[in-house]
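Listed below, chain by chain, are the residues.
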Amino acid sequence: MTDPRLAEFRAEIDRVKQVVTDLHAELPANDLVTWTAGNVSERVPGVDLFVIKASGARYHTLTSDDMVVCDLDGNRVEGERKPSSDTAAHAYVYRAMPQVQGVVHTHSTYATAWSARREPIPCVLTMMADEFGGDIPVGPFALIGDDSIGRGIVETLRDSRSRAVLMANHGPFTIGSSGLDAVKAAVMLEEVARTVHTARLLGEPQRIDQADIDRLWDRYQNVYGQ
Ligand SMILES: O=C(CO)[C@@H](O)[C@H](O)COP(=O)(O)O
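Residues numbered from 1 in each chain as written. Predicted model: local features only at pLDDT ≥ 70, side-chain atom pairs only at ≥ 80, totals over all residues. Heavy atoms only, no water.

Looking at an unreviewed UniProt entry, one finds the protein chain named L-ribulose-5-phosphate 4-epimerase, with Propioniciclava soli as its source organism. According to UniProt, the comment filed for the protein chain under the heading Catalytic activity (unreviewed entry) is "L-ribulose 5-phosphate = D-xylulose 5-phosphate". Here the protein chain is described in UniProt, under the heading Cofactor (unreviewed entry), as follows: "Zn(2+)". (UniProt positions renumbered as here; feature names shortened; annotations may be inferred.)

Now the structure itself:
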């Protein structure tokens, strides 16, 4: 039986399908994924549905036909192919964090290397204070396929300013006020992961004082670009 929400929200669903298709192109374009690794999702406004890529979909041939519509329990509502193997994680985040409109997962090299070391990225750059409000936290090791990864993302980010979490031995997940905002967080995360790693090769970078982190965060969130 066809879900009635598909007809009622048809225009929005098709718009979000195209948005999420286009956002997936940003992952290889910013060198954040290899082959079919990673995935992007975004909520459909006004209804408890979200769009995510089909599992194993190749980035260079991706079209909106490769997008799958799911409910917030991660069940496929529309789509020929199975949804991403991380669908349960994305769905858990959407259920637990209503303010989150987009979720991204990548295997970007430097952020994933920090994940393998299970070490938070210290806030030693003003860009980190601006974008993430402090250190980039590490989430627990969790096997793929059930709520474990989603639960780890929420436990780690729920009370954090950061929109990025380094899931131990796996890789980064980011959240955002839109799919684009979550993709931006993934791009900026990889940039700071690489820069801090490079700084470490030359010596021990110094963490910014918390009061200055707070000032930088407040400016960037409330003044920059307004
Ligand atoms: O991290 C993993 C597997 O370890 C997955 O996220 C893959 O990187 C992408 O899976 P699909 O979205 O293609 O199912």
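Additional details are given in the paragraphs that follow.
Student: Break down the pairing of strand S5 (residues 102-105) for me, with residues and values.
Tutor: Burial of the side chains of S5 extends over both faces: Gly 102 and Val 104 are buried on one face and Val 103 and His 105 on the other. Alignment of strand S1 (residues 39-43) against S5, held across four bridges, turns out to be antiparallel. Counted as the bridge partner of Glu 42 is Gly 102 from S5. For S5 and strand S8 (residues 171-176), the ladder comprises four bridges, and the chain directions are antiparallel. Bridge pairing in S8 places Val 104 opposite Thr 174. (Buried < 20%, exposed > 50% of the residue type's maximum accessible area, 1.4 Å probe, protein only. Helix = DSSP H or I, 4+ residues; strand = E, 2+ residues; numbered from the N terminus. Pairing = 2+ DSSP bridges.)

Student: I'd like to hear about the environment of Val 187, residue by residue, with values.
Tutor: Of note, Val 187 is situated in helix H7 (residues 179-202). Beyond its immediate chain neighbours, meaning those up to four positions away, Val 187 contacts Asn 30 and Leu 32. (Contact = heavy atoms within 4.5 Å.)

Student: Describe the pattern of salt bridges, with residues and values.
Tutor: A full pass over the atoms with the stated rule returns 19 salt bridges. Notably, a salt bridge pairs Glu 191 with Arg 194, separated by 2.9 Å at the nearest N-O pair. Note that Glu 191 and Arg 194 are positioned in helix H7 at a spacing of three residues, about one turn of the helix. When its relative accessible area of 33% is taken as the criterion, Arg 194 is described as partly exposed. Here the salt bridges share partners, and the residues they tie into one network are Arg 10, Asp 14, Lys 17 and Glu 78. (Salt bridge = Lys/Arg side-chain N within 4 Å of Asp/Glu carboxyl O.)

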